[in-house]
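The chain contents come next:
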Amino acid sequence: MGRTRTPVVSGWFTEDGPEGGGFRLLGTRCSACTAVFFPREDAYCRNPRCPGGGLLAEVPLSPRGRVWSYTDGRYRPPAPYASDPDAPWEPYTLVAVELEAEGMVVLGQTAPGVTVAELAVGMEVEVVGGVLNEDADTGTVWTTWQFRPTGGAA
Amino acid sequence: MSADIAVLGAGMHPWGKWGRSFVEYGRAAARTALADAGLEWADVQSIVGADTVRSGYPGYVAGATFARALGWQGARVTSVYAACASGAQAIGAARAQILAGLADVVLVVGADAAPKGFFAPTGGDRPDDPDWLRFRVLGATNPAYFALYARRRMAVYGDTPEDFAQVKVKNAAAGALNPLARYRKPVTAEEVAQSAVVADPLRLLDICATSDGGAALVLSSMDFARSRGVGDPVRIRAVSTVTPTYPRTVLDLPDIATDSVTAVPPAPGSFRASIARAAYEEAGLGPEDLSLAEVYDLSTALELEWYEDIGLCAGGEGAKLVREGATALGGRVPVNASGGLASFGEAVPAQAIAQVCELTWQLRGAAGDRQVPGARAGITANQGLFGHGSAVVAVR
Ligand SMILES: [Zn+2]
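The structure presented is a predicted model; accordingly, all values stated were derived computationally and were not measured.

### Some words on the UniProt feature "domain: Thiolase N-terminal" (unreviewed entry) in chain B
Annotation from UniProt places "domain: Thiolase N-terminal" (unreviewed entry) at residues 7-111 of chain B. For residues 7-111 of chain B, helix accounts for 41% and strand for 26%, while the C-alpha atoms at its two ends are 19 Å apart.

Following this line, the structure appears as structure tokens:
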């Protein structure tokens, strides 16, 4: 059976961002008040002081940001998180990343192999594409966003 | 006009893992509160239930479920849900009915029968539900969020895991004196440090468990209390059930991102601080007037944030307060004299009601070995996911 790559949530990221920019998270921006939303709001603007009448247009988010905080999951989370109950649990790392231009903090897992020991608050990280899990029955590879250190100074 | 209402009765079913229906716990708590008030169930004109989402339909209509279990007697019924803030909303609804003259005596009940382990979202494939998405996409459990806040405190304020452990030590010492608590054993800092890491930097003993339990209050108008010969009851002076203001800048359960601050600058202070501020403003008192506080210690580190948010100290000074013993029994302003969630474990819809039960006993001078001497005013503080504030000020 062929394997198909499917975003775990459709419309939240793209593998080819603008200007050959590669992987980018996708939000929306209100044309009336400039408020940015991630996860994307397509139906309405949530800024209570928005003058209204705007359109919510898709916008790629900054590819880089700085670590706001981080943690890991030492125990298997409950469904709907997908994991093989027969396999030993491998902790994953969660990182909250501050995007300066958008003025917001976005949560994500780190790229494989990036543990809490390699992170520090303030460290620069970049967003990359990755695999959340593979569904052997359907051949679906569920893709997601991940963060990894850029190697830049904290 | 006084906006006070009287607390005539308080009652709880002990917290634990009893393996029975939440209805039993709620009914038992209600009967204890009624006995404490010296009233019959038939005297109650209105019942407000704090819902639970973990027990099927009866949980969504908790007010009616408890009314049926106590025996239908025709009372007006209300059921409310606001996650961890459900209890405060139930108290708020009861108070509104009393102050509006719709009822003289209202019974407020919340109870839960909690599953073991992590709280999980309700089943099915629900990509429109942020609570489902955070588990599906990130595996972000509740302790993961608590751990993000804890790590942030360590980086910004220099808090240490040892500071966090002191909160557990303090709350376990108080809980050991509370017959209603689930965990009644003192805990040492070494025991916290030796417990397993759940979500770095938090360990098992930094994080509250999930429990079964039930709590109830009998609330009345001040006139009704006087007519029953209760001239100086514990009074509820403020109930804060505020929502956040846009843009929210702290990553909160179950969100995957904060709001953006590009369009509107954020208001000063956190959402949690605004919860307490609204309660203080309504009550006409401030943190300097407090004898004690009950705050939502979902994690040890989060209790330190609450110190700052309810104004016991400036931002970043929470750890100093616990190190000095200011918030322990015998300290300047004891926090979680009940033992807190650390000693109880969380029974979601009952918890905010249980906080007010503790204030009631403390303000009556009836808290036994954990009594805060001369207690005159207390605040409860709590936050329900999806943007629910919860704070109650009670005075004597
Ligand atoms: Zn707008």
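Here the narrative resumes, following the displayed structure.
### Digging into the interface of chain A and chain B
Tallying the contact residues gives 48 residues for chain A and 38 residues for chain B. For the pair chain A and chain B, the two sides together bury roughly 3,500 Å², of which 64% comes from carbon and sulfur. Of all residues in chain A, Trp68(A), Pro80(A) and Leu107(A) give up the largest surface area on contact with chain B, accounting jointly for 19% of the area buried on that side. Taken together, the links from chain A to chain B amount to two salt bridges. Of the charged contacts in the structure, one is a salt bridge between Asp200(B) and Arg74(A), with a shortest N-O distance of 4.0 Å. Viewed at the interface, chain B and chain A are joined by 15 residue pairs in polar contact (both at pLDDT 80 or more). Here the side of chain A that touches chain B is composed, by residue class, of 32 nonpolar, ten polar and six charged.

### So, the packing of aromatic side chains
One pair of aromatic rings is described through two measures. These are the centre distance and the angle between the planes. Considering all chains together, one arrives at eleven aromatic pairs over all chains under this definition. Centre to centre, the rings of Tyr81(A) and Tyr92(A) are 5.4 Å apart; their planes meet at 35 degrees, and the pair counts as tilted. Linking Tyr81(A) in the loop between strand E6 (64-73) and strand E7 (92-99) with Tyr92(A) in strand E7, this pair joins segments that are eleven residues apart in sequence. For Tyr81(A), a relative accessible area of 11% gives the class buried. Note on Tyr57(B) and Tyr60(B): the rings are 6.4 Å apart at their centroids and 65 degrees apart in plane angle, and the pair reads as edge-to-face. Of this pair, Tyr57(B) and Tyr60(B) are both found in helix H2 (residues 57-60), three residues apart, which corresponds to roughly one turn of the helix. For Tyr60(B), a relative accessible area of 42% corresponds to the partly exposed category.

Cut-offs and rules
- Residues numbered from 1 in each chain as written.
- Chains lettered and ligands numbered in written order.
- Predicted model: local features only at pLDDT ≥ 70, side-chain atom pairs only at ≥ 80, totals over all residues.
- Heavy atoms only, no water.
- UniProt positions renumbered as here; feature names shortened; annotations may be inferred.
- Helix = DSSP H or I, 4+ residues; strand = E, 2+ residues; numbered from the N terminus.
- Contact = heavy atoms within 4.5 Å.
- Buried area = accessible area lost by both parts, 1.4 Å probe.
- Salt bridge = Lys/Arg side-chain N within 4 Å of Asp/Glu carboxyl O.
- Polar contact = N/O pair within 3.5 Å; in protein donor to acceptor, adjacent residues only side chain to side chain.
- Nonpolar A, V, L, I, M, F, W, Y, C, P; charged D, E, K, R; others polar.
- Phe/Tyr/Trp six-rings, centres within 6.5 Å; stacked < 30°, edge-to-face > 60°.
- Buried < 20%, exposed > 50% of the residue type's maximum accessible area, 1.4 Å probe, protein only.

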